[in-house]
Amino acid sequence: MGARGRAEGSEGTPGRKKRRQKQGSPPQVGDEIATELDSYTLLEPIGEGTFSVVFKARAKKKDHGHAIVAAKILKDGQSDYSRVHQEYLCLAALKGHENVVEVLDGCSDGCRITLLMPYFEHGDFGESLHNGDFTDVHISCYMRGLFAALVHVHREGFIHRDIKPTNVLYNFESRRTMVVDFGLVQTREQASQIQSAAAHRDSHAGSPRNRASRPPAAAAGAEASRGSVARGARGATTTTTT
């Protein structure tokens with residue numbers, strides 16, 4: 001990722017010097033991100049999660065056909081290369097569906113990873129819900145777009161794993177839904193392996209051998225706890241019936 005930066009509104013802004021971003025410093029408005037395909041200037045933050053912050057950004061060359069893009073920048077200390085690589089591969093495989101976000105470009109400066117995607121104009125879900133904007137027609141369009149996206153994702157062998165209002169964007173004018181943020185995505189094979197391993201751990205923990213191998217104090221404590229819960233339950237039942 002390029003370390004060159006600019007102040008807000010720096011394109012042609014008089015009296016302001018270009019700000020050079022230090023490697024690893026938090027992203028700011030006016031920073032410039034350089035990739036092999038294009039370079040982008042951060043305009044304003046438009047979203048933030050546990051692992052990343054998303055900026056609206058302006059592309060210079062626009063060779064990919066998008067003047068305004070969304071730059072998803074992983075926070076320092078959260079740059080799990082394997083996870084981001086999986087997200088990139090997933091979005092590349094899902095490319096072409098009108099309800100699934102597309103990945104345009106990506107880069108890294110050694111400290112942070114950035115994914116560039118088309119900017120999708122949308123309303124704030126909470127505000128739209130509060131203002132009554134979600135009429136029956138818009139609810140129908142929203143849900144149809146969401147289900148169409150999930151069918152496509154699952155058909156291609158992926159599981160999103162983080163469907164929530166902030167990751168399901170909606171444009172009221174075009175009546176179009178867009179599923180974004182595949183940061184927790186897994187293949188179906190990975191999800192199946194994890195579930196199998198969890199089931200194996202649970203069955204092993206509850207086996208007679210494991211229960212018998214617990215120290216006497218732990219067993220006595222567990223038995224006392226169960227007795228306390230049972231007494232509490234009986235007491236609650238008595239109180240309720242009287």
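Residue indices begin from 1 for each chain and proceed along its sequence in written order. Where local features are concerned, this predicted model is filtered to residues with pLDDT of at least 70; where side-chain atom pairs are given and counted, the filter is 80 or more; whole-chain, interface and lining totals use all residues. Note that water and hydrogens are dropped before the side-chain values are worked out from all heavy atoms of the structure.

## Focus on unusual backbone geometry
Right, so step 1: Positive phi outside glycine occurs at Arg161, with the angle close to 75°.
Right, so step 2: The secondary structure listing takes helices from DSSP runs of H or I that are at least 4 residues long and strands from runs of E that are at least 2 residues long, numbered from the N terminus. Following the sequence through the fold, Arg161 ends up in the loop between β7 (158–159) and β8 (168–171).
Right, so step 3: A positive phi angle is found at Arg175, which is not glycine, with a value near 55°.
Right, so step 4: Assignment of secondary structure puts Arg175 in the loop between β8 and β9 (176–179).

## Notes on the nonpolar core
Right, so step 1: Residues belong to a common nonpolar core when they are buried Ala, Val, Leu, Ile, Met, Phe, Trp, Tyr or Cys residues joined through side-chain atoms within 4.5 Å. To sort residues, take the accessible area from a 1.4 Å probe on protein chains only and compare it with the maximum for the residue type: under 20% means buried, over 50% means exposed, and anything in between is partly exposed. Ranked by internal contacts, the top residues of the largest apolar core, which has 28 residues, are Leu94, Val101 and Phe182.
Right, so step 2: Of all the elements, helix α3 (residues 136–155) adds the most residues to this core, at 6 residues.
Right, so step 3: Contact definition: two residues touch when any of their heavy atoms are within 4.5 Å. Here Phe182 is in contact with Lys72, Glu87, Cys90, Leu91, Leu94, Val100, Val101, Val153 and His160, once residues within four sequence places are set aside.
Right, so step 4: Within the second largest apolar cluster, 13 residues are counted, among which are Val53, Phe55, Ala57 and Leu104.

## Re the sheet that holds strand β2 (residues 39–48)
Right, so step 1: At least two DSSP bridges between two strands are needed for those strands to be called paired. Judged by pairing direction, the sheet is antiparallel, and its 6 strands sit side by side in the order β1-β2-β3-β4-β6-β5 without closing on themselves. The open sheet terminates on both sides in strands that have one partner only, identified here as β1 (32–34) and β5 (105–108). Strand-to-strand, the axes of this sheet are offset by a mean angle of 35°, without reference to chain direction.
Right, so step 2: Pairing geometry for β1 and β2, over 3 bridges, is antiparallel. Looking at the pairing, Ile33 lines up with Tyr40 of β2.
Right, so step 3: Strands in contact with helix α1 (residues 81–93) are β4 (68–74), β5 and β6 (113–118); relative to β6, the strand with the most contacts, it is inclined by about 20°. To define axes, lines are fitted to C-alpha atoms, for helices over the stretch in contact only, and angles between the resulting N-to-C directions are given on a 0 to 180 degree scale.

## Remarks on the packing of aromatic side chains
Right, so step 1: Side-chain rings of Phe, Tyr and Trp (the six-membered ring for Trp) are treated as a pair once their centres are within 6.5 Å; stacked means planes under 30 degrees apart, edge-to-face means over 60, and tilted covers the remaining angles. Counted under the stated rule, the structure contains 7 aromatic pairs.
Right, so step 2: Summarising the aromatic geometry, the rings of Phe134 and Tyr170 are spaced 5.8 Å apart at their centres and angled 35° between planes, so their arrangement reads as tilted. With Phe134 in the loop between α2 (125–130) and α3 and Tyr170 in strand β8, the pair connects residues that are 36 residues apart, well separated along the chain.
Right, so step 3: Residue class for Tyr170 comes out buried when judged on its relative accessible area of 2%.
Right, so step 4: Each member of the aromatic cluster is reached from another via a ring pair, and the members are Phe125, Phe134, Tyr142, Tyr170 and Phe172.
Right, so step 5: By definition, being over a ring means that NZ of Lys or CZ of Arg is both within 6 Å of the ring centre and within 35 degrees of the ring normal. The ring of Phe51 has Arg83 sitting right over it, with the charged end atom 4.4 Å from the ring centre.

## Brief notes about α1
Right, so step 1: With 13 residues, α1 extends 18 Å from end C-alpha to end C-alpha; this agrees with the ideal 18 Å at 1.5 Å per step.
Right, so step 2: All buried positions along α1 are accounted for by Val84, Glu87, Cys90 and Leu91. Buried residues of α1 fall within an arc of 125° about the axis and therefore sit on the same side.
Right, so step 3: In this structure, the buried residues of α1 make contact with β4, β6 and β7. By definition here, a helix of n residues has an expected span of 1.5 Å times n minus one. Think of it as the arc spanned by the lines of direction from the helix axis to the C-beta atoms.

## Some words on the confidence of the model for the protein
Right, so step 1: Chain-level statistics for the protein give a pLDDT mean of 78 and a share of 70% at 70 or above.
Right, so step 2: pLDDT is defined as a per-residue confidence score from the predictor, taking values between 0 and 100. A low-confidence stretch, residues 1–21 (pLDDT under 50), is modelled with 49 contacts involving residues beyond four sequence positions or located in other chains.
Right, so step 3: In the predicted structure, residues 228–242 sits below a pLDDT of 50 and forms 0 contacts with residues beyond four places in sequence or in another chain.

## Looking at the pattern of salt bridges
Right, so step 1: By convention in these notes, a salt bridge is any Lys or Arg side-chain nitrogen within 4 Å of a carboxyl oxygen on Asp or Glu. A complete count under the given rule lists 6 salt bridges for this structure.
Right, so step 2: Measuring nitrogen to oxygen at the nearest pair gives 2.9 Å for the salt bridge that ties Glu48 to Lys75. Taken together, the residues span a long stretch of sequence, with Glu48 in strand β2 and Lys75 in the loop between β4 and α1 at a distance of 27 residues.
Right, so step 3: Judged by its relative accessible area of 24%, Lys75 falls in the partly exposed class.
Right, so step 4: One salt bridge connects Lys72 with Asp181, and the closest N-O pair in it is separated by 2.9 Å. Pair noted here: Lys72 is in strand β4 and Asp181 is in the loop between β9 and β10 (186–187), with a separation of 109 residues, a long-range link.

## Side note on the side chain of Asp105
Right, so step 1: Relative to the helices and strands, Asp105 resides in strand β5.
Right, so step 2: Counted as positive: Lys and Arg. Counted as negative: Asp and Glu, with His and the chain ends omitted from the count. Despite being buried, Asp105 has no salt bridge partner; Lys61 is the closest side chain of opposite charge, sitting 8.9 Å away.
Right, so step 3: A distance of 3.2 Å separates a polar atom in the side chain of Asp105 from a polar atom in the side chain of Tyr40.
Right, so step 4: When neighbours within four sequence positions are excluded, Asp105 is seen to be in contact with Thr35, Leu37, Asp38, Tyr40, Tyr88, Thr114, Leu115 and Leu116. Throughout this description, a polar contact denotes any pair of N or O atoms lying within 3.5 Å of each other; where both atoms belong to protein, one of them has to be capable of donating a hydrogen while the other can accept it, and for residues adjacent in sequence the pair is counted only when both atoms sit in side chains.

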